[in-house]
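What follows is each chain in one-letter form.
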Amino acid sequence: MARARSTSTGDAPGARGIGRSHIGVVLVLGLLVVLGLRLVWVQGFDAAGRAEAAAGERSRTEVVPALRGEIRDTHGNVLARTLQRYDVTVDQSLVREFARPLADGTTETVTPTQAVYQLADALELEDAEVKDALDGDKQFEYVARGVTPEQWNTVRELGLPYVYGQPSSDRIYPNGPVAGSVVGFMGGDDEALGGIEQTQDELLRGTDGSRTFEISADGVRIPVAPQEESPVEDGSSVQLSIDSDVQFFAQQAVMERAEELDAEWGTAVVMRIEDGAVLALADSSTVDPNDIGSAAPEDLGVRSVQNAVEPGSTQKILTAAAAVEEGVVTPRTEITVPPFLEIEGQKITDAFDHGEQQRTFAGIIADSMNTGTVLVGGKLTPEQRHEWMQRFGVGETTGIELPGESPGILTSADQWDVRQQYTVLFGQGVAQTPLRTATIFQAIGNGGVQVEPRVVESVIDPDGTSTPVERPEGERVVSEETAEQVLDMMEVTVTQGGAKEAAVEGYRVGGKTGTAEAPSPEGGYDGYTTSFVGVAPVEDPQYLVAVTLQRPQGDVRSIGTTPTFSKIMGQVLRHYDVPPSTTEPVEIPLRTDDPEEDEAEETAPVDTPPGVEAPEDGAAETPEDGAAEPGAEPGAEAEPAAAAAGAPAPAASRRADEGD
C-alpha cells in the first residue's frame, strides 16, 4: 500500500527566509550608520583638516633662490656677480589641450599648437625648436636653459601645466684672472671653493625664499587663488681693499720677471702701511674664475699667503730692529768684520770675498753681510732671538681673510743646532710667507706699530647699507726711534748699498734684498728664493711692495727682484698721487776704513758672540758664490725650514745669502 505523502505546513522555510533578510537589512543599516557618523565627523568635527588636505593636494611650492652678493674692489668695481637664471623644462607625457582659467572666472582652451607659439614668443625661440622640445613621451626635457627671471615670469604666467622652471644661476667674473685667486671661484652645486668666495660664503650666499600657489584638477595654476610667499634674503656684497688697477699692474710686472728668469713662480704684495690694507696680491700665474677647469692646481691659491719660504736677508731687518731696540748697536756703530766666522768647525761667510773690514752696522745691512749680522745678532741670547721673531709674528698666521694661510716654520730655540741659532739672524733655518715678511717691513714703516694685513674692507647689505669691517688694532713692536734708525739703514741699502736698482725716480726709497736657497722636495736645496721688500717715501712711508721669485734661473747675482720692485712701487706712488720727495736721503758711511789701504784703522769692534771665532788672518777663504767652505763638517747646516712635514731629512747643504 502506498505511503501517504505528508503535507508541509510551510512554517520552517518561511522562518529561514525571513532570518536571512533580517541579517542583510542589519548589515546595510550598520553600514549606513558608519557612513553617517563619518560624514558627521568630517563635516562637523574635521572640516578644517579635510579642507587643509584638499588645499594641500591643490598647492604647489616653488623655491625662489637668493641672489649671491657681489665681490667688489676698493673703488666699487665688480669682481664677481651672480646673474639669476632659470632652466625651462617640460613633461612631454602631459602635453595636451587644457582649459586655462582667466581672471574674470571664465576659461579658455589652449591647444598644444597654441602653447608652442606662446612659449616661442616668451622665450624668443623659433617655433620649430619649441615644438621639438614638446613632442615626445619623455617626462623630462629642456625647452630652454639659462633664461632670465623676466622671461621665466612670462612663461610662468602662461599657466602651462606641463612646463616647469628650475632656478639656476650664473656666477661671472668680469675681470677674469685679475685677482682671480683672491676673489675665488664656485664649483658644482654652487659650492664656494676658493678665495673670498669661500671665506665669506656665509655673507655672500643669502637665504632662499619660496612661493606657494594653487592649481586646478588638471594641473593649471589658478590665477585668482591666494598665494603665499616666504621672502628671499639676498646675500650681502663684500668690498675688498684690492685695487684692480694696482693688482693688474703688479700681476703683469711679476709675470714678466718670472718669465724672463724662467722662475717657478713669483709674487708681489702691495700694502698700505698705515692700516695694513692689502692693495694687491699678485701671482705670476693665476686662475681665471670663469674657467677653473683650465687652471693648474698650483694656481688656485694665493702663493704669498699659502707658500712658506726661507726669507733670506730680508730677515736682517728684523735682526737689526731687535739689536737696535735692545741697545746693542746704532746704525753708525763701528764693527770689525772678518772675512768669515767659524762656529765649532762651521763657517759663516758673505756673498763676496773680502778681508777684514771696518764697517758701520748700516754698512753691514746695506751690503747684506752675514758675518757682521751674526756678530751683532749674536749679542742677543738664542731665547731673545726667538722672542723677537715671535714679536714680529714669525711662526704665526696673519689672519688675512683668505683660505690656506701658512703659519710658516719657527723651531723653538732649544731645538736650534749650533749653526741654525745664527742662520736665523739672516733668514735661513726659518720659513714664512711673503705676506708675513711684508708685515715686518710694515711695522718698521709704521713707526714700529704692526697692523696685521686685511683684504676685506666692508660689507654691503642688499639694501645698500655699507658697514666697514673693523681692522685689528696695531701692536707696537719697537719704538718709533728704533723704526726710524732701521728706516735709515734701509734707505742707504738703496742709495749706497747693493740695491740701487730698487730706486724710484723722484722718491726716497728704503728696502732690503733677500736670497735664500730653496728646499728641494727630495731633500737638501735646489735653486734660490730671491726677494726685495721696500717702502716709500722714506720720509713718510705710505706704501710697501714685496716681490718674491721662487727658483729663478741664471747667475745668482742677476736673478734679483729689485727692478720689478722699482717698477711696481713707481706705479703705486703715481697711481695714488703721492708727492715726490723734497728732502735729501740720509747719508751714513758704510765703512770707516780706507778700502784701498791694506791695514784697517783701529776701531772698537762689537764683542764676538760666544762660540764664534774670528780668523787670525785677513784672507778670504770663501768660494766665489759665498757658500760655506766645502770642507765644513757635514750636518752642521740647519735643516731646510720650509721642507714639508714628514719629508726625508735633507742632506747637509752649503748656502749663503747673495745679497743680490
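Refer to the structure above for everything that follows.
For the structure given in this document, a descriptive report is provided here. No experiment lies behind these values; they were computed from the predicted model shown.

1. Describing the packing of aromatic side chains
- Taken as a whole and judged by the stated rule, the model has six aromatic pairs.
- Summarising the aromatic geometry, the rings of Tyr86 and Trp152 are spaced 5.9 Å apart at their centres and angled 25 degrees between planes, so their arrangement reads as stacked. Highlighted residues: Tyr86 in strand 3 (residues 78–90) and Trp152 in helix 5 (residues 149–157), separated in sequence by 66 residues. The pair Tyr86 / Trp152 is uniform in exposure class, with both members buried.
- Here the guanidinium or amino end of Arg145 rests over the ring plane of Tyr142, the centre of that ring lying 4.1 Å away.
- If you follow Arg391 out to its NZ or CZ, it ends over the ring of Trp388, 4.0 Å from the centre.

2. A short note on a negative patch on the surface
- Together, Asp121, Glu126, Asp127, Glu129 and Asp132 line one region of the surface with negative charge.
- A per-element tally of the negative patch places helix 4 (residues 127–134) first, with three residues.
- By the secondary structure assignment, Glu129 is in helix 4.

3. Brief notes about the pattern of salt bridges
- What the rule picks out here adds up to 22 salt bridges.
- Put simply, Glu70 and Arg72 hold a salt bridge, and the shortest N to O gap is 2.9 Å.
- For Glu70, a relative accessible area of 17% corresponds to the buried category.
- A salt bridge links Arg100 to Glu108, with the shortest nitrogen-to-oxygen separation between them at 2.7 Å.
- When its relative accessible area of 11% is taken as the criterion, Arg100 is described as buried.

4. Notes on the pairing of strand 18 (residues 456–460)
- Buried residues dominate strand 18, accounting for four of its five residues.
- In this structure, strand 10 (residues 237–240) lies alongside strand 18, joined through four bridges in antiparallel fashion. What sits directly across from Ser237, in strand 18, is Ile460.
- Relative to strand 19 (residues 466–468), strand 18 runs antiparallel, the two being bridged by three bridges. From the neighbouring strand, Ile460 faces strand 19, where its bridge partner is Ser466.
- Connecting strand 18 to the antiparallel partner strand 19 that follows it, the hairpin turn spans five residues, and Gly464 within it adopts a positive phi of roughly 95 degrees.

Parameters at a glance
Residues numbered from 1 in each chain as written. Predicted model: local features only at pLDDT ≥ 70, side-chain atom pairs only at ≥ 80, totals over all residues. Heavy atoms only, no water. Phe/Tyr/Trp six-rings, centres within 6.5 Å; stacked < 30°, edge-to-face > 60°. Helix = DSSP H or I, 4+ residues; strand = E, 2+ residues; numbered from the N terminus. Buried < 20%, exposed > 50% of the residue type's maximum accessible area, 1.4 Å probe, protein only. Lys NZ or Arg CZ within 6 Å of the ring centre and 35° of its normal. Patch = residues over 30% accessible without salt bridge, like charges linked within 9 Å, V, L, I, M, F, W, Y side chains within 5 Å. Areas by Shrake-Rupley, 256 points an atom, 1.4 Å probe, with all protein chains shown as cover. Salt bridge = Lys/Arg side-chain N within 4 Å of Asp/Glu carboxyl O. Lys, Arg positive; Asp, Glu negative; His and termini not counted. Charge placed at Lys NZ, Arg CZ, Asp CG, Glu CD. Pairing = 2+ DSSP bridges.

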